[in-house]
Amino acid sequence: MQSFEEFKISTPLRNAINDLGFEKPTPIQSKSFSTVLSGQDVIGIAQTGTGKTFAYMLPILQMLPFSKEKHPRVLVLVPTRELVLQVVEEIEKFGKYRNDRVIGVYGGTNMNRQKEALAEGADIIVATPGRLYDLVLSRALQLKLIKKLVIDEVDVMLDLGFRFQLNNIFELLPKKRQNIMFSATMTDEIENLIKDFFVGTKKVSVAVSGTPLNNIAQSCYAVPNFHTKVNLLNHLIKDADTYKKVLVFISNKKNADLLFSLLEELYSEEICVIHSNKTQNYRIRSIRQFDEGKNRILVTTDVMARGLDLDKISHVVNFDTPSFPENYMHRIGRTGRAEEQGSSLLFYTEKETDAKEAIESLMKMSIPEIEFPSEVEISDQLIPEERPRIMESNNLAKELRDENRGASFHEKKEKNKKTNQGGSYRRTVGKKYKKAKTKGDKNYNKRNKKRK
Ligand code: AMP
């Protein structure tokens, strides 16, 4: 869809768009409009700056009739107060010729003012989860008429640990509603959320190109475990002339902290880290120091790296292998910008082989493998998630299966030591990515059944 005319939007919205001077919908707006309008649950993958706010708000406003009802019909949840203010502002721009009552509520400020505003009635509430919940508990707000739930920046929301609050809020919402989520990146946590609460979800995203830029040289290393990956990374980045500006991606913040603390001992002045547990000031400082070249190495999670505009990255290191191939494309796209030559390295363990192959099939090419350098020490030390899991003592069968898995893992490591790896891994039985994922909060279903 190329023009706003094709959306058949109402005159007040059309006039507001004209005033804003928007000539045509952005790609994510084109893709989302009819899907959101159809009323089905949607997950939109789009970064800030792509016009994502209007991508969900335009169809929602188009569908929202005038009402004198006191209780809101649309709820937009966002992770931060800054985003509350930004989204309210965007909705007001669009609703210039309409009479929607939009209220933004967020924590850290006086609740009474927000209660007074809510008492006047609202059509759309934009809120951070904690404050919204408090307002509902204090009876200043009722959610029984909510027909549309939007969760914006859901990746950041979950990364900040809002899952519990989201569950609580879901319990308070009418069951018959449309769920719309927007996220810059796809994560396992989002998949679980969709499985638990969404129905027949349609995914809309501006297709990630599976074709990497020609000026990015890709390579990969087979590495047995986390600590050996640290040794390998250290071995490589020691060469500061080659590894001038290195962006190291790692998927979760716990491991980001661990990696950072291990490397900090060796590269104290040269390394910084960003993830969502760090304060905003800390993150801003880290990014600036890296961008200005004061720090040579930046360790980051996928969620936090979105929206960063970094220049002249010499190397992207995929310290782990993303389980969503699109994330790999986004990661490596950070280097080789503006015609410059960039390099991307991927470290993968035996468990990550399937994820690596998924990436290769998206790109329709295999990533050239570099032989594991013989001078790099292979570590025996395992991080908790790499250790065989301790099972309940009455589950003998499971325990045995686990013991076997542990043994084969160690065997492989010995073998790798002798041959310096390089070869492809033998397939093992317990394929991580084919296993059924957790079913989430079982009690949620029970509770809902009871209510019926
Ligand atoms: P967002 O991704 O929602 O943060 O939007 C980024 C910016 O793009 C906002 O300032 C919007 O006002 C602007 N914007 C949204 N849609 C369009 C459009 N179709 N054409 C031009 N600018 C737009």
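Residues numbered from 1 in each chain as written. Predicted model: local features only at pLDDT ≥ 70, side-chain atom pairs only at ≥ 80, totals over all residues. Heavy atoms only, no water.

Participant: I keep staring at the overall build of the chain and nothing clicks. Help me out?
Facilitator: Helix and strand counts for the chain stand at 17 helices and 13 strands. Burial statistics for the chain: of 452 residues in total, 51% are counted as buried. In the chain, the proportion of contacts linking residues at least 24 apart, taken out of those at least 6 apart, comes to 76%. As displayed, the chain offers around 22,500 Å² of accessible surface, 50% of which is attributable to carbon and sulfur atoms. (Helix = DSSP H or I, 4+ residues; strand = E, 2+ residues; numbered from the N terminus. Buried < 20%, exposed > 50% of the residue type's maximum accessible area, 1.4 Å probe, protein only. Contact = heavy atoms within 4.5 Å. Areas by Shrake-Rupley, 256 points an atom, 1.4 Å probe, with all protein chains shown as cover.)

Participant: Explanation requested: the packing of aromatic side chains in the structure shown.
Facilitator: Centre-to-centre distance and the angle between the planes together describe a pair of aromatic rings. By the definition in use, this model includes nine aromatic pairs. Between Phe170 and Phe197 the ring centres are 4.4 Å apart and the planes differ by 50°, which places this aromatic pair in the tilted class. Within this pair, whereas Phe170 is found in helix α8 (residues 163-172), its partner Phe197 is found in helix α9 (residues 188-197), the two being separated by 27 residues in sequence. Its relative accessible area of 2% is what places Phe170 among the buried residues. Classification of Phe197 as buried rests on a relative accessible area of 7%. (Phe/Tyr/Trp six-rings, centres within 6.5 Å; stacked < 30°, edge-to-face > 60°.)

Participant: For this particular structure, what's the right way to read the site of the ligand?
Facilitator: Around the ligand, the structure places 15 residues, and the nearest of them are Lys24, Gln29, Gly49, Gly51 and Thr53. Lys24 is positioned such that a nitrogen or oxygen atom in its backbone is 3.0 Å from a nitrogen atom of the ligand. At 3.0 Å, a backbone N or O of Thr50 approaches an oxygen atom of the ligand. Looking at the shell around the ligand, the elements with two or more residues in it are α3 (52-63) and α4 (81-94). The biggest single contributor to the shell around the ligand is α3, with three residues. Each residue belonging to the shell around the ligand can be placed in one class, and the counts come to four nonpolar, seven polar and four charged. (Near = heavy atom within 4 Å. Polar contact = N/O pair within 3.5 Å; in protein donor to acceptor, adjacent residues only side chain to side chain. Nonpolar A, V, L, I, M, F, W, Y, C, P; charged D, E, K, R; others polar.)

Participant: Would you mind showing me how to read the sheet that holds strand β8 (residues 216-222) here?
Facilitator: Pairing between the strands of a sheet comes from backbone hydrogen bonds, and it takes one of two forms, parallel or antiparallel. Within the open sheet, the six strands sit side by side as β8-β13-β12-β9-β11-β10. Their pairing is parallel. Whereas interior strands pair on both sides, the edge strands pair on one side only; in this sheet they are β8 and β10 (271-274). For this sheet, the mean inter-axis angle between neighbouring strands, taken without regard to orientation, is 20°. In terms of strand pairing, strand β9 (residues 246-249) meets strand β11 (residues 297-300) through four bridges, oriented parallel. In the sheet register, Leu247 faces β11, and the bridge partner there is Leu298. With respect to the sheet, helix α12 (residues 280-291) is in contact with β9, β10 and β11, its orientation differing from that of β10 by roughly 135°. (Pairing = 2+ DSSP bridges. Axes fitted to C-alpha atoms, helices over the stretch in contact; angles between N-to-C directions.)

Participant: Could you clarify how one ought to interpret the environment of Glu339 in this entry?
Facilitator: With respect to the helices and strands, the residue Glu339 is situated in the loop between α14 (325-332) and β13 (342-348). In this structure the C-alpha to C-alpha distance between Glu339 and Asn215, which are 124 residues apart in sequence, comes to 6.9 Å.

Participant: Before we go on, may I ask you to explain the packing of α3 against α4 in this structure?
Facilitator: When two helices pack together, their arrangement is given by the angle between the helix axes and the distance between those axes. One can describe the packing of α3 onto α4 by two numbers: an axis separation of 11 Å at closest approach and a directional angle of 50°. The angle between α3 and α4 places the two elements in the oblique class. Where α3 crosses over α4, the two elements pack in a sense that is right-handed. Each of Thr53, Phe54, Tyr56, Met57, Leu58 and Leu61 in α3 lies in contact with α4, whose residues at this interface are Val87, Glu90, Ile91 and Phe94. Considering only residue class, the contact of α3 with α4 consists of eight nonpolar, one polar and one charged. (Parallel < 35°, antiparallel > 145°, perpendicular 65-115°, else oblique. Left-handed = near helix turned anticlockwise from the far one by under 90°.)

Participant: Would you take a moment to explain the pattern of salt bridges for this structure?
Facilitator: A pair can form between side chains of opposite charge whenever their charged atoms are brought close. Throughout the structure, instances matching the rule amount to 19 salt bridges. Across the pair Lys96 and Asp19 runs a salt bridge whose closest N-O atoms are separated by 2.7 Å. Here Lys96 is found in the loop between α4 and β3 (102-105), whereas its partner Asp19 is found in helix α1 (residues 11-20), with 77 residues between them in sequence. Asp257 is paired through a salt bridge with Lys278; the nearest N and O atoms lie 3.7 Å apart. With a gap of 21 residues between them, Asp257 in helix α11 (residues 253-267) and Lys278 in the loop between β10 and α12 connect regions that are remote in the sequence. It is possible to trace a salt-bridge network through shared partners that takes in Lys52, Asp152 and Glu153. (Salt bridge = Lys/Arg side-chain N within 4 Å of Asp/Glu carboxyl O.)

Participant: Can you help me understand the packing of α8 against α9 in this one?
Facilitator: The N-to-C vectors of α8 and α9 enclose an angle of 15°; their axes lie 13 Å apart at closest approach. The angle between the axes of α8 and α9 places the two elements in the roughly parallel class. Considering how the two elements wind past one another, α8 and α9 form a crossing that is right-handed. Contacts from Arg163, Leu166, Asn167 and Phe170 of α8 reach α9 at Glu189, Asn192, Leu193, Asp196 and Phe197.

Participant: What's the story with the environment of Phe66 in this structure? I'm lost.
Facilitator: Tracing the backbone through its elements, the reader meets Phe66 in the loop between α3 and β2 (74-77). Counting along the chain gives 57 residues from Phe66 to Asp123, while the straight-line C-alpha distance between them is 8.8 Å. Sequence-distant contacts of Phe66, defined by excluding residues within four places in its chain, comprise Arg73 and Asn99.

Participant: Looking at this structure, how should I read the sheet that holds β3?
Facilitator: Strand order in the open sheet formed by seven strands is β3-β4-β2-β5-β6-β1-β7, with parallel pairing between adjacent strands. Of all strands in the sheet, those with a lone pairing partner are β3 and β7 (202-205), marking the two edges. Pairs of neighbouring strands in the sheet enclose a mean axial angle of 15°, with direction left out of account.

Participant: Honestly, the confidence of the model for the chain in this entry has me stumped. Any pointers?
Facilitator: Low pLDDT marks regions whose predicted coordinates should not be analysed in detail. Chain-level pLDDT for the chain is 85 on average; 85% of the residues reach the 70-or-more range. Predicted confidence is poor over residues 402-442, with pLDDT under 50, and the contacts of this stretch with residues over four places away or in other chains come to 61 contacts. Scored below 50 in pLDDT, residues 444-452 shows eight contacts in the model against residues more than four places distant or in partner chains. (pLDDT = per-residue confidence, 0-100.)

Participant: Help me understand the pairing of strand β6 (residues 178-183) in this model?
Facilitator: The side chains of a regular strand alternate between both faces of the sheet. With respect to burial, β6 is a largely interior element, six of its six residues being buried. Residue alternation in β6 divides its side chains into two sets, Gln178, Ile180 and Phe182 and Asn179, Met181 and Ser183, and both sets are buried. Relative to β6, strand β1 (residues 42-45) runs parallel, the two being bridged by four bridges. Directly across from Val42, in β6, lies its bridge partner Ile180. Here four bridges tie strand β5 (residues 148-151) to β6, and the two strands are oriented parallel to one another. Along β6, the bridge assignment pairs Val150 with Ile180.

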